[in-house]
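Letter by letter, the chains look like this.
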Amino acid sequence: MWRARRAAVACEVCQSLVKHSSGIQRNLPLQKLHLVSRSIYRSHHPALKLQRPQLRTSFQQFSSLTNLSLHKLKLSPIKYGYQPRRNFWPARLAARLLKLRYIILGSAVGGGYTAKKTFDEWKDMIPDLSDYKWIVPDFIWEIDEYIDLDKIRKALPSSEDLAKLAPDLDKIADSLSLLKDFFTTGSPGETTFRATDHGSESDKHYRKVSDKEKIDQLQEELLHTQLKYQRILERLEKENKELRKLVLQKDDKGIHHRKLKKSLIDMYSEVLDVLSDYDASYNTQDHLPRVVVVGDQSAGKTSVLEMIAQARIFPRGSGEMMTRSPVKVTLSEGPHHVALFKDSSREFDLTKEEDLAALRHEIELRMRKNVKEGCTVSPETISLNVKGPGLQRMVLVDLPGVINTVTSGMAPDTKETIFSISKAYMQNPNAIILCIQDGSVDAERSIVTDLVSQMDPHGRRTIFVLTKVDLAEKNVASPSRIQQIIEGKLFPMKALGYFAVVTGKGNSSESIEAIREYEEEFFQNSKLLKTSMLKAHQVTTRNLSLAVSDCFWKMVRESVEQQADSFKATRFNLETEWKNNYPRLRELDRNELFEKAKNEILDEVISLSQVTPKHWEEILQQSLWERVSTHVIENIYLPAAQTMNSGTFNTTVDIKLKQWTDKQLPNKAVEVAWETLQEEFSRFMTEPKGKEHDDIFDKLKEAVKEESIKRHKWNDFAEDSLRVIQHNALEDRSISDKQQWDAAIYFMEEALQARLKDTENAIENMIGPDWKKRWLYWKNRTQEQSVHNETKNELEKMLKCNEEHPAYLASDEITTVRKNLESRGVEVDPSLIKDTWHQVYRRHFLKTALNHCNLCRRGFYYYQRHFIDSELECNDVVLFWRIQRMLAITANTLRQQLTNTEVRRLEKNVKEVLEDFAEDGEKKIKLLTGKRVQLAEDLKKVREIQEKLDAFIEALHQEK
């Protein structure tokens, strides 16, 4: 009879199972199906449209565990009893016949239910390939047009139909009980009594178990179940990630490349980059969402970002400040785990350690480059894109850590600068603030929580993250303190969500995979979960990244269209202002204006090569003579002219010319040539071009000219070659014809007349106005000028007595002049007499030399005969001819150097300067200024922002 008893129990168990299975819905809700299951389900059900799941609200729990339902098994109460063995064979036969029927029917029903359940589980395990429908040929998706799949599906029996095939097991159980009671010897109530008595004994045994043990057992089972499903979900996600990676890699090789579009997050990141270039100080209406990561220094925010990005991409140091400028990280999905900068095409493979080291080094170099001299941090943003399979799509901005004290080596304003940078990002009403708090230190020591509370007092866009929970649990005496921090009860800071994470064991060489395994292992054994201080959705960086991504896209969808409308209004205002102020000018931004100015400057440099050789030589000869004329007259001609005969004159001239050529003349010539080139270059750069002239380029042209001249250096070998040429030219004394003789006399007369005019002006300034100016212009002499005038008159009387007086006064002559002046009541100093004599004798000498020039006009005949049998000597004319010829030869040589070498080198320098200016944004802003430039610049940026926003909104609607 024990077999019959077992059969009865099994019937009742089966009955409960059938009741439970008959309540299963025919179709599972679409939201609980896996991604790929949803795509397959929708493809076979045309009536259902592809719809994105509803976004979770900000207060909803972000956890992968919330989507998993725990299937509970309800068992019907079992009646236990003892039946004595009977030898009545009809009863045994009936029991066996009933058992055989139960086995057949139960197997049919149970097999159908098991097959249905297995099929549903397999559907949930298939990944979502709806985004990759293009991989499957188009005719597969159109197969429902040729085959009525709905009719086939309806023709198949459902779980309810299968349940109807099963017999009424309740009636079978009742019949079996009556049959057993009929064939038993005891009374019917005896079995019932025994079963009831057995149940009461079990109830008494059950009451012995304490309520606390039951609660602990239930919590332990619940935790194990959650962890079990968590592992199953992670395994499925890993398989899904590998599958998506495979698909993306195939697509990366060119399969259906024409259907690929730029990802949403990349489009959104480009909008943020353009906004950052438009106004780095965020003074514009830039309210587009970003995830702003803030925290105290060494709180672990860099480690949290690396866990989200799944790579160690940031430079790190032991206790020192490493984040010196904001870093905008755009996370997106891709076939390979790579990183690249916005302004570079190089990809860093994040699976290779050498590429990771190079990326960290590049970020550190860019940060130090952004930081200006005398500062510690910079507000300039570094833009970095990180792609990889399975990454959550979002834009994060890592800010420098908030500090409490400025240490040695930091700028005095470092603390205030970090606060201002953090506030500038957090003031955005749509910025998601990811507040990082070190869980291993006291919460009272945190500075960032007060700052976050000021920016978001209601906590509507703040997500609080407690790091280093493993150290906190180990070191904190009261575990409830961690719960108070997580729930925001320890300090007055409200948040949208609270999370606890573990970022490794403090070893910088740990891999991301090792940290993740350590984090999962810690939370599996942590008391924080076992004691329900933390919920399953509040732990691990994976759940954190899911929550941040969902919140980020929710804010993006809510704010992006409003921002697009705002920029449309801004664009209309700027276009109206341009039409009213500059109706006849094109809208050229700063870069376009620079290119236009660059072409004009290069054209003007080329114009230097079109200057005629005659013009170069005339300018060079005239400039060189103006530079050396004083030395020739004062140091060569006048000392030699004081000699008594021609031999001494020529000897003195040759010696002084040789000294001059060896030491000064070549250098003076190169200086004159370089200054002449600068003057001509400046003339071409600055002269007005008529109506085509645009004064907006004047500052840029002046800066290019000065920088090019500063960089240009004359050829070092020019002086050596010039020295030889000039020395040979001055050695020649042979005047070949009368024309050259007359040219030398004319050159000498011009030089002497210029010196005589300068001397007359010096004497006039010394003695004051003459009697005509005093009478006509009512001017008077000063006391000093009167003394100079009396001294001049006395010295002129001396020269009239001796017209061949030497250049210097003797001491007795000075005494005589002073005595004569004192006799007339004029007190003079000997130095005043010498100064006045210098100018008076100089004028006398120059007048005498000019008279001698007139006499030498007819002296070429005597020159040819070497002045034999002639009292006329014109050696001074020969000297000026030698000087004139040297000037002509030097000018010709310098002209050749200019046109053949120096102009080309200058043009090369100008091109280099323009290239350097083109790469220097600050220089262009400084040199191309004005309302017109700024208006065109703003208009171009606003148009670009609006276009990118419109494209992003269109793609966003298509995704919905």
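Note that the structure is a prediction, hence the values are computed from the model and not measured.

The rules behind each value
- Residues numbered from 1 in each chain as written.
- Predicted model: local features only at pLDDT ≥ 70, side-chain atom pairs only at ≥ 80, totals over all residues.
- Heavy atoms only, no water.
- Helix = DSSP H or I, 4+ residues; strand = E, 2+ residues; numbered from the N terminus.
- Contact = heavy atoms within 4.5 Å.
- Areas by Shrake-Rupley, 256 points an atom, 1.4 Å probe, with all protein chains shown as cover.
- Pairing = 2+ DSSP bridges.
- Buried < 20%, exposed > 50% of the residue type's maximum accessible area, 1.4 Å probe, protein only.
- Salt bridge = Lys/Arg side-chain N within 4 Å of Asp/Glu carboxyl O.
- pLDDT = per-residue confidence, 0-100.
- Patch = residues over 30% accessible without salt bridge, like charges linked within 9 Å, V, L, I, M, F, W, Y side chains within 5 Å.
- Axes fitted to C-alpha atoms, helices over the stretch in contact; angles between N-to-C directions.
- Parallel < 35°, antiparallel > 145°, perpendicular 65-115°, else oblique.
- Left-handed = near helix turned anticlockwise from the far one by under 90°.
- Lys, Arg positive; Asp, Glu negative; His and termini not counted.
- Charge placed at Lys NZ, Arg CZ, Asp CG, Glu CD.
- Nonpolar A, V, L, I, M, F, W, Y, C, P; charged D, E, K, R; others polar.
- Disulfide = S-S within 2.5 Å.
- Core = buried A, V, L, I, M, F, W, Y, C linked by side-chain atoms within 4.5 Å.
- Phe/Tyr/Trp six-rings, centres within 6.5 Å; stacked < 30°, edge-to-face > 60°.
- Lys NZ or Arg CZ within 6 Å of the ring centre and 35° of its normal.

Draft legend 1. Just the overall build of the protein, in detail. From N to C terminus, the protein includes 34 helices and nine strands. Considering only contacts in the protein between residues 6 or more positions apart, those separated by 24 or more positions represent 81%. Summing over all exposed atoms, the protein offers an accessible surface of approximately 54300 Å²; the carbon and sulfur share of this is 52%.

Draft legend 2. Broad picture of the sheet that holds strand 7 (residues 432–438). The nine strands are arranged 4-3-5-2-6-1-7-8-9 in an open sheet whose pairing can be described as mixed. Sheet topology places strand 4 (348–349) and strand 9 (497–500) at the edges, where each strand pairs with a single neighbour. Note: strand 1 (residues 291–295) against strand 7, five bridges, orientation parallel. Each bridged residue has a counterpart across the sheet, and for Val291 the counterpart in strand 7 is Ile432.

Draft legend 3. How the structure looks around the pairing of strand 2 (residues 327–332). The element strand 2 is largely enclosed, with a buried count of six among its six residues. Covered by surrounding structure in strand 2 are Val327, Val329 and Leu331 together with Lys328, Thr330 and Ser332, the residues of both alternating faces. Of the strand pairs in this sheet, strand 2 and strand 5 (residues 382–387) are connected by six bridges, and their pairing is parallel. Within strand 5, the residue paired with Leu331 across the bridge is Val386. Summarising the sheet, strand 2 and strand 6 (residues 394–398) pair through five bridges and their orientation is antiparallel. Residue Leu331 lies in a different strand from strand 6, and its bridge partner there is Met394.

Draft legend 4. Expanded view of the environment of Lys847. On the secondary structure map, Lys847 appears in helix 30 (residues 830–856). For Lys847, a relative accessible area of 40% puts it in the partly exposed group. In sequence terms Lys847 and Leu756 are 91 residues apart; their C-alpha atoms lie 7.5 Å from each other. For Lys847, the contacting residues outside a window of four places in its chain are Leu756 and Glu760.

Draft legend 5. Representation of the pattern of salt bridges within the structure. According to the stated counting rule, one finds 43 salt bridges in the structure shown. Between Glu604 and Lys701 there is a salt bridge whose closest N-O contact spans 3.2 Å. Here the residue Glu604 occupies a position in helix 20 (residues 590–607), and Lys701 occupies one in helix 24 (residues 698–711), the gap between them amounting to 97 residues. Like Lys701, Glu604 is buried. Glu707 is paired through a salt bridge with Arg711; the nearest N and O atoms lie 3.0 Å apart. Placement of the pair is Glu707 and Arg711 together in helix 24, with a separation of four residues, close to one helical turn. Residue classification places Arg711 among the partly exposed residues on the basis of a relative accessible area of 32%. Bridged by salt links that share partners, the residues Arg571, Glu575, Glu587 and Arg943 form one connected network.

Draft legend 6. Highlighting unusual backbone geometry. Despite not being glycine, Gln310 has its phi angle at roughly 65°, a positive value. Mapped onto the secondary structure, Gln310 falls in the loop between helix 11 (301–309) and strand 2. Even without glycine at this site, Lys468 takes up a positive phi of about 55°.

Draft legend 7. Inspection of the confidence of the model for the protein at higher detail. Overall, the prediction assigns the protein a mean pLDDT of 76, with 69% of residues at 70 or greater. In this model, residues 1–87 is a region of pLDDT below 50 whose contacts with residues beyond four sequence positions or in other chains number 124 contacts. Contacts of residues 251–260 to residues separated by more than four positions or lying in other chains number eleven contacts, the stretch itself having pLDDT below 50.

Draft legend 8. Highlighting the pairing of strand 6. Taking burial as the measure, the five residues of strand 6 include five buried ones, the bulk of the element. Judged by which residues are buried, strand 6 turns out to be covered on both faces: Met394, Leu396 and Asp398 on one side and Val395 and Val397 on the other are all buried. Sheet analysis places strand 1 next to strand 6, joined by three bridges and oriented parallel. The residue of strand 6 that forms the bridge with Val293 is Asp398.

Draft legend 9. Main features of the environment of Leu887. In this structure, Leu887 sits in helix 32 (residues 875–919). The spacing of Leu887 and Leu620 is 267 residues in sequence and 8.7 Å in space, taken between C-alpha atoms. Beyond its immediate chain neighbours, meaning those up to four positions away, Leu887 contacts Gln621, Leu624, Trp625, Val628 and Phe747.

Draft legend 10. Structural view of a nonpolar patch on the surface. There is a patch of nonpolar side chains on the surface, built from Trp771, Trp775, Leu776 and Tyr777 and spanning about 610 Å² of accessible area. Within the secondary structure, Trp775 sits in helix 27 (residues 771–777).

Draft legend 11. Spotlight on the packing of helix 25 (residues 718–731) against helix 32. Helix 32 packs onto helix 25 with a crossing angle of 155° between their chain directions and a minimal axis gap of 9 Å. In terms of their interaxial angle, helix 25 and helix 32 are classed as roughly antiparallel. The crossing of helix 25 and helix 32 is right-handed. Contacts between helix 25 and helix 32 involve Ala718, Ser721, Leu722, Ile725, Gln726, Ala729, Leu730 and Glu731 from the first element and Arg882, Ile883, Arg885, Met886, Ile889, Thr890, Thr893, Leu894 and Gln897 from the second.

Draft legend 12. Representation of a negative patch on the surface in the model. Side chains of Glu380, Glu912, Glu915, Glu919, Asp920 and Glu922 sit close together on the surface and give a patch of like negative charge. Per-element accounting of the negative patch gives the leading share, three residues, to helix 32. By relative accessible area, which is 32% here, Glu912 ends up partly exposed.

Draft legend 13. Quick peek at the packing of helix 26 (residues 738–767) against helix 32. Taken N-terminus to C-terminus, the directions of helix 26 and helix 32 make an angle of 95°; their axes are 8 Å apart at the nearest point. Here helix 32 runs roughly perpendicular to helix 26, going by the angle between their axes. On the side of helix 26, the interface is formed by Gln740, Trp741, Ala743, Ala744, Ile745, Phe747, Met748 and Ala751, while helix 32 contributes Asp876, Val877, Val878, Phe880, Trp881, Ile883, Gln884 and Leu887. Classifying every residue of the contact of helix 26 with helix 32 by side-chain character gives 13 nonpolar, two polar and one charged.

Draft legend 14. The state of the cysteines, seen in detail. Using the criterion set out here, one finds one disulfide in the structure. Note on cysteine connectivity: Cys856 is disulfide-linked to Cys874, with sulfurs 2.1 Å apart. A torsion of -100° about the S-S bond marks the disulfide between Cys856 and Cys874 as left-handed. Of this pair, Cys856 sits in helix 30 while Cys874 sits in the loop between helix 31 (860–864) and helix 32, and the two are 18 residues apart along the sequence.

Draft legend 15. Quick look at the nonpolar core. If you look at the biggest cluster of nonpolar residues, it comprises 101 residues, and the most contacted ones within it are Trp625, Tyr637, Trp660, Leu677, Trp741, Leu752 and Ile883. Setting aside anything within four residues of it in sequence, one finds Trp741 in contact with Ile735, Cys856, Arg857, Gly859, Phe860, Tyr863, Phe867, Cys874, Val877 and Val878. In this structure, Leu384, Leu496, Phe499 and Ile953 belong to the second largest nonpolar core, which totals 69 residues.

Draft legend 16. Broad picture of the packing of aromatic side chains. Under the criterion given, the structure shown has 17 aromatic pairs. Ring plane angle 90° and centroid distance 6.0 Å describe the contact between Phe341 and Phe348, whose orientation is recorded as edge-to-face. Residue classification places Phe341 among the buried positions, given a relative accessible area of 2%. On the basis of an interplanar angle of 70° and a centroid distance of 5.4 Å, the ring pair of Tyr637 and Phe880 is categorised as edge-to-face. Taken together, the positions of Tyr637 in helix 21 (residues 613–641) and Phe880 in helix 32 put the pair 243 residues apart, joining distant regions of the chain. You'll find Tyr637 and Phe880 in the same group, each marked buried. Taking NZ or CZ as reference, Arg683 lies 4.7 Å from the ring centre of Phe684, over its face. The ring of Phe594 carries the charged tip of Lys924 above its face, separated from the ring centre by 5.6 Å.

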